[in-house]
Amino acid sequence: MDASLDLFDRKILALVQRDCQMNAEVIAQEVGLSASAVQRRLRRMRADKVISAEVAVVNPQAVGGVMTFLAGLEVKDNYDALPRIRSWSQNEPGVQQVYYVTGNFDIMMVIVARDVKAYDALAARLMNDIPQIARMTTHVVIDTIKNSLYVPVDTTGEGSASA
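All figures in this text were calculated on a predicted structure; none of them were measured in a lab. (Residues numbered from 1 in each chain as written. Predicted model: local features only at pLDDT ≥ 70, side-chain atom pairs only at ≥ 80, totals over all residues. Heavy atoms only, no water.)

Describe in detail the packing of aromatic side chains, supporting the description with residues and values.
Two descriptors summarise a pair of aromatic rings, namely the distance from one centre to the other and the angle between the planes of the rings. In total, this model carries one aromatic pair according to the counting rule given. Where Phe69 meets Tyr119, the ring centres are 4.2 Å apart and the plane angle is 15°; that geometry is what we call stacked. In this pair, Phe69 is assigned in strand E1 (residues 67-75) and Tyr119 in helix H5 (residues 116-129), connecting sequence segments 50 residues apart. Tyr119 matches Phe69 in its accessibility class, with the two residues each being buried. Sitting over the ring of Tyr150, Arg18 keeps its end group 4.0 Å from the ring centre. (Phe/Tyr/Trp six-rings, centres within 6.5 Å; stacked < 30°, edge-to-face > 60°. Helix = DSSP H or I, 4+ residues; strand = E, 2+ residues; numbered from the N terminus. Buried < 20%, exposed > 50% of the residue type's maximum accessible area, 1.4 Å probe, protein only. Lys NZ or Arg CZ within 6 Å of the ring centre and 35° of its normal.)

Structure follows, in structure tokens:
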């Protein structure tokens, strides 16, 4: 267990991951602290980047729908390409997630686009801007079974993460 996060912090994290708009009074009742203590802990965890972002999750169908693509990139000269991929993806709103991975690919990306044509244009820009990409393999998501960024947090004090 991380010494900088006590059991109260972990319980707070488990709650705010599910609803970041939950008010301090409700959290306080759930975890057994005062509302002001919860607010102080949340402020500290935000400042320490334990909580790195609080966002609204938008239903793609509510805004006209988008398609999701999983792209596996094979890269030549990984260590030269990684900073370029990092920088490029930070400036590309359709790139939701990027992972440096082991296995058949060097990089995995989660990309959203309004349609296949828009995805193809994004992929062409990526391949053009980063010549170290030797190959890009794409999988089109047919249906989202689960989509979550929840991180299991040990709220038992026993050292193992539980959801």
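More follows now that the structure is in view.
Got a sec to walk through the pairing of strand E3 (residues 107-113)? Specific residues and values, please.
Across the seven residues of E3, six count as buried, placing the element largely inside the fold. Of the pairings in the sheet, the one linking E1 to E3 comprises seven bridges and is antiparallel in character. Looking at E3, one finds that Leu70 is bridged to Val110. Pairing of strand E2 (residues 95-100) with E3, which is carried by five bridges, proceeds in the antiparallel orientation. Paired with Gln97 across the strands is Val110, a residue of E3. Hairpin connection between E2 and E3: a loop of six residues separates the two successive antiparallel strands, and Gly103 in this loop has a positive phi of roughly 110°. (Pairing = 2+ DSSP bridges.)

Outline the sheet that holds E2, supporting the account with residue identities and numerical values.
Each strand in a sheet pairs with another by means of backbone hydrogen bonds, the pair being arranged parallel or else antiparallel. The antiparallel open sheet is built from four strands, whose spatial order is E2-E3-E1-E4. The open sheet is flanked by E2 and strand E4 (133-140), the only strands paired with a single partner. Pairwise comparison of adjacent strand axes, ignoring direction, gives a mean angle of 20° for this sheet. Its contacts with the sheet put H5 on E1, E3 and E4, and the angle it makes with E4 is roughly 160°. (Axes fitted to C-alpha atoms, helices over the stretch in contact; angles between N-to-C directions. Contact = heavy atoms within 4.5 Å.)

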